[in-house]
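Residue-level structural notes
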Amino acid sequence: MSGRLNFVLALALLLCALALVNAQYQARQLFIELERTASQARQLDIEWAQLQLDQSTLGKNARIEASATRDLNMVPLTAARTQYLTVGEK
């Protein structure tokens, strides 16, 4: 009877040890994934800040006006070139 009890306890101990090893392995895998995700989040934050800076630079009126003049050959509007339309009453 004592030999059988020792065998059952040894088997339970072995199963607990295997469960512990598996749990530690899964914890390491999850930690690695967490670090990878945190690194990606930091990279995306840096990219977001750069995009915001680019947007503020590209949205400035002087840059838009210079681009319109240079690339699209647009000229500033003058009073002589303004046409007013009137709508007749019915």
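As a reminder, the structure under discussion sits directly above these lines.
Bear in mind the structure is a predicted one, so any value in this text is a computation, not a measurement. (Residues numbered from 1 in each chain as written. Predicted model: local features only at pLDDT ≥ 70, side-chain atom pairs only at ≥ 80, totals over all residues. Heavy atoms only, no water.)

When you go through the protein chain residue by residue, the secondary structure sums to two helices and zero strands. Computed over the C-alpha atoms, the radius of gyration of the protein chain is 36 Å, more than 25% above the 12 Å expected from 2.2 N^0.38 for a compact globule of 90 residues. Across its three principal axes, the protein chain shows a C-alpha extent of roughly 115 × 40 × 15 Å. When each of the 90 residues of the protein chain is scored for burial, the buried share is 1%. Accessible area of the protein chain: about 9000 Å², with a carbon and sulfur share of 63%. (Helix = DSSP H or I, 4+ residues; strand = E, 2+ residues; numbered from the N terminus. Rg over C-alpha atoms; globule rule 2.2 N^0.38 Å. Buried < 20%, exposed > 50% of the residue type's maximum accessible area, 1.4 Å probe, protein only. Areas by Shrake-Rupley, 256 points an atom, 1.4 Å probe, with all protein chains shown as cover.)

Two side chains that carry opposite charge are able to pair once their charged atoms sit near each other. All chains considered together, the criterion is met by two salt bridges. A salt bridge links E33 to R36; the nearest nitrogen and oxygen atoms lie 2.9 Å apart. Here R36 and E33 lie together in helix α1 (residues 2-58), a separation of three residues that amounts to about one turn. The class for E33 is partly exposed, based on a relative accessible area of 39%. When its relative accessible area of 51% is taken as the criterion, R36 is described as exposed. With a shortest N-O distance of 3.2 Å, R70 and D71 are connected by a salt bridge. (Salt bridge = Lys/Arg side-chain N within 4 Å of Asp/Glu carboxyl O.)

Right, let's get into helix α2 (residues 61-72). For α2, which comprises twelve residues, the first-to-last C-alpha distance of 15 Å matches the rise-based estimate of 16 Å (1.5 Å per residue) to within 8%. N73 lies just past α2 and shows a positive phi near 55 degrees. (Expected span 1.5 Å × (residues − 1).)

There is a patch of nonpolar side chains on the surface, built from F7, V8, L11, L14, L15 and L18 and spanning about 600 Å² of accessible area. Residue placement: F7 occurs in helix α1. In this structure F7 comes out as exposed when scored by relative accessible area, which is 56%. (Patch = residues over 30% accessible without salt bridge, like charges linked within 9 Å, V, L, I, M, F, W, Y side chains within 5 Å.)

What follows is about the environment of L77. For L77, the position within the fold is in the segment after α2. When its relative accessible area of 67% is taken as the criterion, L77 is described as exposed.

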